[in-house]
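# Coordinate inspection notes
Each chain is listed here by its residues.
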Amino acid sequence: MSEVFRLLAEKDIEKFQRLLTAAYADDLQYGIRFQAAFATEEDIKLHLEGNLCYVLERDGEIITSCSLRMPWGPNPGPDVFPHLGWVVTQSRYKRLGFSSRMLDWLEQEILIKQFKAPAVTLGTAEEHPWLITMYEKRGYVAYLKRRLREDHITVYMKKTLRLR
């Protein structure tokens, strides 16, 4: 079994679009319609032009992913720090720690070692029953709320990173 963290490539777009649709479909039961759930292949191409999107792949299958929006990019987060988005895991791999592994790797290898970022932000739906708690356990602290969409309030969370 071969696992690798890597950047998403244009050749992966069709497979990645299916992952986004399936993974975010679970949130529809809570009445939350994250935009990534409806991303077209063209939306993903545009996303890749201005953001970094990392995946954990096992034997050619994308298990989990996370995008990184940079403060100097075309779609910055709410603060001066890198911003995480599109954190998704294949449904059959949920609750097995793959998202945590992705976030750990991204924080350590990319945000701390490469970018030397002192902090990172993310946004999630206030109405989601467990996401805020999950991110709090990872060290994220809520600091801003905004209604960006009719179906949910976005809670922005920040984590201070320990630079070595």
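Attention in this report is confined to the structure presented alongside it. (Residues numbered from 1 in each chain as written. Predicted model: local features only at pLDDT ≥ 70, side-chain atom pairs only at ≥ 80, totals over all residues. Heavy atoms only, no water.)

## Digging into the state of the cysteines
- Throughout the structure, instances matching the rule amount to zero disulfides.
- Cysteine C53 remains unbridged, with the sulfur of C66 as its closest cysteine sulfur at 7.8 Å. (Disulfide = S-S within 2.5 Å.)

## Some remarks on the environment of T89
- Inspection of the secondary structure puts T89 in strand β4 (residues 83–89).
- Separated by 84 residues in the primary sequence, T89 and F5 place their C-alpha atoms 14 Å from one another.
- Other than its neighbours up to four places away in sequence, T89 contacts L19, A23, I63, T64, K94, F98 and S99. (Helix = DSSP H or I, 4+ residues; strand = E, 2+ residues; numbered from the N terminus. Contact = heavy atoms within 4.5 Å.)

## Quick notes on the pattern of salt bridges
- The tally for this structure, following the rule as stated, stands at 13 salt bridges.
- Measuring nitrogen to oxygen at the nearest pair gives 3.3 Å for the salt bridge that ties K11 to D12.
- On the basis of relative accessibility, which here comes to 69%, the residue K11 falls in the exposed class.
- On the basis of relative accessible area, D12 is assigned to the buried category, the value being 1%.
- For the salt bridge of E107 with K159, the shortest nitrogen-to-oxygen distance reads 2.8 Å. Here the residue E107 occupies a position in helix α3 (residues 98–112), and K159 occupies one in strand β7 (residues 152–160), the gap between them amounting to 52 residues.
- Each member of the salt-bridge network shares a partner with another, and the members are R6, K11, D12 and E57. (Salt bridge = Lys/Arg side-chain N within 4 Å of Asp/Glu carboxyl O. Buried < 20%, exposed > 50% of the residue type's maximum accessible area, 1.4 Å probe, protein only.)

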